[in-house]
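Per-entry structural report
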Amino acid sequence: MLHRVNTCLHLQPFPDGGGTLAQTTRETSFIDKMKKTGKNIVVFYGSQTGTAEEFANRLAKDAHRYGMKGMSADPEEYDMSELSRLPEIENSLAIFCMATYGEGDPTDNSQDFYDWLQEGDADFTGVKYTVFALGNKTYEHYNAMGKYVDQRLAELGAQRIFDLGMGDDDGNLEEDFVSWREQFWPAVCEHFGVEATGEESSIRQYELKVHSDLNMNKIYTGELGRLKSFENQKPPFDSKNPFLAPVTVNRKLNKAGDRHLMHLELDITGSKIRYESGDHVAVYPINDSVIVNRIGEVLGVDLDTPLSHVCAVVRITEAVSFMTMLIFPDTLFLISQALYQSWVLDSCRNILAILEDFPSLRPPIDHLCELLPRLQARYYSIASSSKVHPNSIHICAVVVEYKTKTGRVNKGVATNWLKNKMPADNGHKATVPMYIRKSQFRLPFKSSNPVIMIGPGTGIAPFMGFVQERSWLKEQGKEVGETVLYYGCRHKNEDFLYQEELDEFEKTGVLTALNVAFSRDQADKVQKQTKLAILCLKCCSDY
């Protein structure tokens, strides 16, 4: 369904997948679903930002080019123990697109699957699979989740039919995926004894249905799962059922300069939400109304018209312009990867900019929306301690805004949306859909252990929570070890975040030492790295 609610451009298949608006009980058996729909390939995704989900959708569509039928699936929504039943379907295959989050952790939607794999002793004999991993090699636990799933499935008896793919976001994740995929499908054909159909047409998963007379109370308006869940809130709150937290504080942190650094406080009173210092708060933003409305104008569509996508496979065989291929990266790579890199990526052109710069490019709105992923949650390190603020979650963030090579100004979706979430005194509360993402980033269990923290700019956020907690422990009469903070920013008089609070913590002895560096104030450009090097030498002799 395409609709404009709070200016959020959105397309969402209806719950029963048949173009109706009635809510039904979710089917948890992916095996039964595959049998009913004639599918023999299932592509599971563990996705935090939407990339793994996008790759899974593309692989599911690919299957049709080889006389097979695929579906993408969220492991959180299905009974994954049924994987052992996959051999019941002829020529069946399970593909896993698994992203690694944080310090080698599974994504939110694959956490239960990961736990089950660790604890279970299933027999996957006869199950055929392959894995594509998504990660960033600059992290210590590079592609840990993909590697684990690949190894564990083999240990449980499943047959790997193609080598583990490794996608590196520090390089070019898209290139890594396309390269792996180009080798993967020929291997599948050889294994199952099938051949490509030769059809290079675009595969559609849905067909459009326009609704003229609908009860507007039955239309989704941005809810992540249950219809009307934003009006009738019920715990527990999580990624599929976020809590609408009122914004009680929204203030600018920097005193001057052309940037906007902000501190927000979200009220979680009565939500039963619990968090710990070091956790992340996930927020669901919506798109800028200016961009949404402009897309509607460019494409000549009424964004208030309810649309639904009926689950089906539709082949689009009509000729498409070259620039349409920009929306289909796979096709573009066959033509000019360099042009895509320079004209789209390096120039930071979003969908609207592409449409504006190529007037001949006017894809159907439902086609465009099928390709646009749902906005994903944005994660921020919580800048408060639940010991001090049990009913409030603090966010520290910098508003993203920059000029592109085309002269346009691009704005970060989430930070600009948060910037405008001001507390109101007219009875209307500005709210933020949110939930808590648990982290492994923690203070030492023993409060007497010394702590060294290095937080440049808004990277100070989790350490504000840590310092607050150490202060609280000290007030409780606990023995608290040395607490040292290294902080750096550009200018002391412009963007020294939380200066008053940090000075007070140092004055009261909560901070044993507050070491600061201002990169654009000092002639010798004192950098945090220099101070850290000296600190490391000292640590070697002192501890």
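Overview of the structure. (Residues numbered from 1 in each chain as written. Predicted model: local features only at pLDDT ≥ 70, side-chain atom pairs only at ≥ 80, totals over all residues. Heavy atoms only, no water.)

**Quick word on the overall build of the protein**
- Summing up its helical and strand segments, the protein has 16 helices and 22 strands in all.
- Evaluated residue by residue, the protein yields a buried proportion of 48% over its 543 residues.
- Taking the contacts inside the protein whose residues are at least 6 apart along the sequence as the reference set, 76% of them involve residues at least 24 apart.
- Roughly 26000 Å² of accessible area belongs to the protein as shown, and the carbon and sulfur atoms make up 49% of that amount. (Helix = DSSP H or I, 4+ residues; strand = E, 2+ residues; numbered from the N terminus. Buried < 20%, exposed > 50% of the residue type's maximum accessible area, 1.4 Å probe, protein only. Contact = heavy atoms within 4.5 Å. Areas by Shrake-Rupley, 256 points an atom, 1.4 Å probe, with all protein chains shown as cover.)

**Re the packing of helix α2 (residues 51–62) against helix α5 (residues 173–192)**
- Where α2 contacts α5, the axes come no closer than 12 Å and their chain directions differ by 25°. As judged from the angle between their axes, α2 and α5 are roughly parallel. Of the two elements, α2 crosses α5, and the hand of that crossing is right-handed. Of the residues in α5, those touching α2 at T51, F55, R58, L59 and D62 are L173, E174, F177, V178, W180, R181 and W185.
- Grouping the amino acids of the contact of α2 with α5 by side-chain chemistry returns seven nonpolar, one polar and four charged. (Axes fitted to C-alpha atoms, helices over the stretch in contact; angles between N-to-C directions. Parallel < 35°, antiparallel > 145°, perpendicular 65-115°, else oblique. Left-handed = near helix turned anticlockwise from the far one by under 90°. Nonpolar A, V, L, I, M, F, W, Y, C, P; charged D, E, K, R; others polar.)

**Some words on helix α6 (residues 289–299)**
- Within the sequence span of α6, burial applies to V292, I295, G296, V298 and L299. Along the axis of α6, the buried residues cluster in a sector spanning 165°; they form a single face. In α6, those exposed residues whose orientation departs by more than 90 degrees from the buried face are V290 and E297.
- Two or three places before V290, at the start of α6, stands the capping residue D288, its side-chain oxygen 3.0 Å from that residue's backbone nitrogen.
- Looking one or two residues beyond α6, the residue adopting positive phi is G300, at roughly 65°. (Arc of directions from axis to C-beta. Polar contact = N/O pair within 3.5 Å; in protein donor to acceptor, adjacent residues only side chain to side chain.)

**Describing the pattern of salt bridges**
- Taken as a whole and assessed by the stated rule, the structure comprises 28 salt bridges.
- Between R65 and D62 there is a salt bridge whose closest N-O contact spans 3.0 Å.
- Owing to a relative accessible area of 22%, R65 belongs among the partly exposed residues under this scheme.
- Between R408 and E356 there is a salt bridge; the shortest N-O distance is 3.4 Å. With R408 in the loop between β17 (401–403) and β18 (409–411) and E356 in helix α10 (residues 351–357), this residue pair connects regions lying 52 residues apart in the sequence.
- A single network of salt bridges, built from pairs that share partners, joins R294, E297, R349, E356, D357 and R408. (Salt bridge = Lys/Arg side-chain N within 4 Å of Asp/Glu carboxyl O.)

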